[in-house]
Structure formats: structure tokens, C-alpha cells
Amino acid sequence: MSTALTDLSPYPIVQAPMAGGASCPPLAAAVSEAGGLGFLAAGYKTADGMYQEIQQLRGLTDRPFGVNLFMPQPDYADPSAIAVYAHQLTGESAWYDAPLGDPDSGRDDGYEAKLAILFDDPVPLVSFTFGCPTRDVLEAFARVGTTTVVTVTSAEEAQAAQWAGADAVCVQGVEAGGHQGTHRDDPERDGSGVGLLALIAQVRETVQLPIVAAGGLMRGSQIAAVLAAGAEAAQFGTAFLVCPESGANPLHKQAMTNPLFVRTELTRAFSGRPARGLVNRFLREHGPYAPAAYPQIHYLTGGIRKAAAKAGDAQAMSLWAGQGHRLSRELPAGQLVEVLAAELDAARAALTQRGAR
């Protein structure tokens, strides 16, 4: 890692910020305590909710950690397309006895208020998804001693992050679970994402920033692979989602290795933005018709998703998962960090032995 990132954790292992509840303080604390870098996800939190989670995490560990923010999104959605999709979901609403949500309820996500809190009470690292902050914002974080990371899905986005003054980039391959962190939600690019190893090479040849690699990673041998490709650290989301400390719904955790869910797919069905999840009934039936409208669709479907979870029905939940989900291990988070580190050491030793022959 770069000097700034190396100081944050002994192991090149980052727990991904999974919005929606999975990345809670107990999980982040367990990862950081074990020598990885734990993360809180503030994307769907209020500013006060983010602050309370930071204070809770500080009460659990004195190790470094990160906080992830979503960049505010331009209002490009077509209201008529949202209305058509809402009409399509009336049957789901009736079945689960859950009213459709207000698409505009999340228009103000408190981004500026969250920045103000993080400037006033700095954390070790802040990362950004769905775009790149302005140079002024990144310079303000630098002044308070916070390391900044921008999630990118292309070499062009990495270049924009470098120009703006980010300290590092999180390179997200198309294999990653959850939302693709593209800076511009272009429907014409749906399904055109680049695999992680190829993307690392593209970014490595374009910018001089440290790289955190993300996308379908589940084993320590894969850490060795991305480090060899030019990354400084590896980020794991799905691998930590099933840990007992994770705040993910038990149905979501069980689905990772449930034989009913054999593959993942990128979909707009639940949020209006491309996100990789396990293929279930809701995704199959509504994915082809969901418009490009984030976060409007996220709030529209919120009641249905919560009602399905309450009813124990995983077929209408957003089961975000990376392509490696079948390799999930239900280990305590700290133990998982140690296992990944041991696997990394074993992979490096094997490579050394081959090179000595």
C-alpha cells in the first residue's frame, strides 16, 4: 500500500462498505481489530445516523477504519418511466401488503451535512461511490488528515479521481456484488463492465494512484493475484456479509450458499441502478423493465423488500452478491481476516517455491 494506506491496517484486506445494514459497527470493529480495515457505509444513513455509528465504532476499537459516502446523483430520471414501473409493481404491493414508497423521499441524502461532520470530527479514511468529489472537498479532507479513496469502474474514472486529488482508487470489477460504482449511470453501458484483473491493468497504466481491488474476491490466493496485478490491497464484500457480526438479514446470508440461487446478474429491478445480486423471482420478472432511475426506484421498492424479508420470502429481496458467493464461509469476521491472511501467505510461498525451481 501507499504510506498513508499502509498505516491503516497490517493486512492488505479491506471490508467493503455494504450499504443497507451489513456494514455495521460490530463488523467493522472486528475486521479492524484483526488487522484488516473495517468500513461503515453511510450512503443510506442520515448525517446523525452516520455520526452515531462512528461513535459506536470508536467505542469498540481504537484501530483505523473507513466511512463510505454516496455522491449526490443528478436528477435525470423520467417521471413517466417511474410511473409505468410503479404500475407494474402494484401486484407485488398487494401480495406483500406493502404500499409502494415515495420515489422522491431520498432526494436530499444529507451529503453536505455528512461532509461537515467528517471535517469537524475526522476519521482515518473516507471513500466515495457513484462519482468523484470536487478538488475542494478532497483538499479539505487532506487538511484534516483523512485519506480519500474514489471508487472507479474504468481508467477514465480513475484519471478523473487523480485529477481531483484523491489519495487512492478502489477499482471495482464487474464481478462485484451490489451496485456498480460508475460515475455516470449510462444505460448504454449496461453489461459492458470490465473484469477486475483487466481493469487493474488498465488503471495501472493510466494513473499513479494506489489501487484497492474489488470484485468477486473470496480467498487469500485472490489477494495474491490482485497484488501481483498491481493493486495495493483487496476489498471483500460478500465474503464478510455472511459473518455473524454482519448486519445483513439472515435470509440474505443463507441465500449465499442456498442451492436455489445458483447465479448472479446485474439488475436495475430494486434500485434503478445496475447492481449485482442473486437471481430470484423479483429480479427475473421485473429486471428487464426497470428504468434508469436511482435512487427513485430504491425508495419505490423499499416497502416491498422489507415486507418480503419480514415474511421470510427471499424471492423479493435484493440479495446483493458477488460472483464468488458460493465460496462464502460463515466465520467470525476476525477469524476470516486471519484465514485470508494465512491463505495470502501460503499463495506467496507457493509462488516463491515455483520461482526457485
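Presented here is a report on the structure given in the accompanying data block. (Residues numbered from 1 in each chain as written. Predicted model: local features only at pLDDT ≥ 70, side-chain atom pairs only at ≥ 80, totals over all residues. Heavy atoms only, no water.)

## Some thoughts on the overall build of the chain
Using the following cut-off: What counts as a helix is a DSSP run of H or I of at least four residues, what counts as a strand is a run of E of at least two, and both are numbered from the N terminus. It is over C-alpha atoms that the radius of gyration is taken, and the globule rule equals 2.2 Å times the number of residues to the power 0.38. Residue exposure (1.4 Å probe, protein chains only): buried if accessible area is under 20% of the type maximum, exposed if over 50%, otherwise partly exposed. For this analysis, residues touch if any pair of their heavy atoms sits within 4.5 Å. Method for areas: the Shrake-Rupley scheme with a 1.4 Å probe, in which residue coverage is limited to the protein chains shown.
The helix and strand inventory of the chain stands at 16 helices and 11 strands. The C-alpha radius of gyration computed for the chain amounts to 19 Å, which stays within 12% of the reference 21 Å derived for 357 residues, consistent with globular compactness. The burial tally for the chain puts 56% of its 357 residues in the buried class. In the chain, once contacts between residues fewer than 6 apart in sequence are set aside, the share between residues at least 24 apart is 68%. When the accessible surface of the chain is split by element, carbon and sulfur atoms take 53% of a total near 14700 Å².

## Brief notes about the packing of helix α6 (residues 111-120) against helix α7 (residues 135-143)
Which entries qualify depends on this criterion: Orientation is described by lines fitted to C-alpha atoms, with helices fitted over the stretch in contact, and by angles between N-to-C directions that extend from 0 to 180 degrees. Throughout this description, any angle smaller than 35 degrees is read as roughly parallel, any larger than 145 degrees as roughly antiparallel, any in the 65 to 115 degree range as roughly perpendicular, and the remainder as oblique. The residue classification treats Ala, Val, Leu, Ile, Met, Phe, Trp, Tyr, Cys and Pro as nonpolar and Asp, Glu, Lys and Arg as charged. All others, Gly included, are polar.
At a closest axis distance of 10 Å, the pairing of α6 and α7 adopts a crossing angle of 25 degrees. The orientation of α6 relative to α7 falls into the category roughly parallel. Of the residues in α7, those in contact with Y111, L115, L118 and F119 of α6 are V137, A140 and F141. For the contact of α6 with α7, the per-class residue count stands at seven nonpolar, no polar and no charged.

## Details of the nonpolar core
Selection criterion: Residues enter a nonpolar core if they are buried and are Ala, Val, Leu, Ile, Met, Phe, Trp, Tyr or Cys, with the set joined through side-chain atoms within 4.5 Å.
Core analysis: the biggest nonpolar cluster contains 98 residues, and V67, L69, F128, V169, V171, F236 and F240 have the highest contact counts within it. Apart from the residues within four sequence positions on either side, V169 is in contact with V149, V150, V152, A158, A161, V203, L209, P210, I211 and V212. Core analysis: the second largest hydrophobic core is formed by 12 residues, V14, A168, C170 and A214 among them.

## Quick word on the pattern of salt bridges
The criterion, for reference: Salt bridges, as used here, are contacts in which a Lys or Arg side-chain nitrogen is within 4 Å of a carboxyl oxygen on Asp or Glu.
For the structure on display, the rule yields 10 salt bridges. The residue R135 makes a salt bridge to E139 at a minimum N-O spacing of 3.8 Å. You can see R135 and its partner E139 sitting in helix α7, four residues apart, about one turn around the helix. By relative accessible area, which is 41% here, R135 ends up partly exposed. A salt bridge links R204 to E232; the shortest N-O distance between them is 3.9 Å. Here R204, found in helix α9 (residues 196-204), pairs with E232, found in the loop between α10 (220-229) and β9 (233-236); they are 28 residues apart in sequence, far enough to count as distant.

## Things to note about helix α2 (residues 25-33)
Note on helix geometry: an α-helix contains 3.6 residues per turn, so any two residues three or four positions apart are oriented the same way. Within α2, seven of the nine residues are buried, which leaves the element mostly enclosed by the surrounding structure. Looking at α2, one finds that the buried residues are P25, L27, A28, A29, A30, V31 and S32. Positive phi shows up at G35, right after α2, with a value of about 110 degrees.

## Describing the packing of aromatic side chains
Rules: Stacked, tilted and edge-to-face are the three classes applied to pairs of Phe, Tyr and Trp rings, where Trp contributes its six-membered ring and a pair requires centres within 6.5 Å; stacked means planes under 30 degrees apart, edge-to-face means over 60, and tilted covers the rest.
Here the structure, examined in full by the defined rule, presents eight aromatic pairs. Ring centres of F70 and F130 lie 4.7 Å apart, and the angle between their planes is 45 degrees; this geometry places the pair in the tilted category. One end of the pair, F70, is in strand β3 (residues 65-70); the other, F130, is in the loop between β4 (125-129) and α7, with 60 residues separating them in the sequence. On the accessibility criterion, F70 (10% relative accessible area) is buried. Assessed through its relative accessible area of 2%, F130 is described here as buried. The rings of Y44, F70, F130 and Y294 are connected pair by pair, giving a single aromatic cluster.

## Let's talk about unusual backbone geometry
For the bond from Y294 to P295, the omega torsion is 5 degrees, close enough to zero to count as cis. Position of P295 relative to the elements: it lies in the loop between α13 (281-286) and α14 (296-300). Even without a glycine there, the phi angle at D97 is positive, about 50 degrees. Summarising the element assignment, D97 is placed in the loop between α5 (90-95) and α6. A positive phi angle is found at F130, which is not glycine, with a value near 75 degrees.

## Some remarks on the pairing of strand β2 (residues 38-41)
Residues in a regular strand project their side chains so that they alternate between the two faces of the sheet. Here is the rule we go by: Between any two strands, pairing holds if DSSP finds at least two bridges. Here a crossover is taken to be right-handed if, once the strands point away from the viewer, the path from the first strand over the helix to the second is traced clockwise.
The alternating pattern of β2 places G38 and L40 and F39 and A41 on opposite faces, both of which are buried. The pairing of β2 with β3 spans four bridges and is classified as parallel. By the bridge assignment for β3, A41 is matched with N68. With respect to chirality, the unit in which β2 leads through helix α3 (residues 47-60) into the neighbouring parallel β3 is right-handed.

## Brief notes about the sheet that holds β9
In a beta sheet, neighbouring strands are held together by backbone hydrogen bonds and run either parallel or antiparallel to one another. Across the sheet, which stays open at both edges, the eight strands sit in the order β1-β9-β8-β6-β5-β4-β3-β2 with parallel pairing between neighbours. Every other strand in the sheet has two partners, leaving β1 (13-15) and β2 as the edge strands with one partner each. Going across the sheet, the axis of each strand differs from the next one's by a mean of 25 degrees, ignoring polarity. Along the sheet, α10 makes contact with β1, β8 (211-214) and β9, crossing β9 at roughly 135 degrees.

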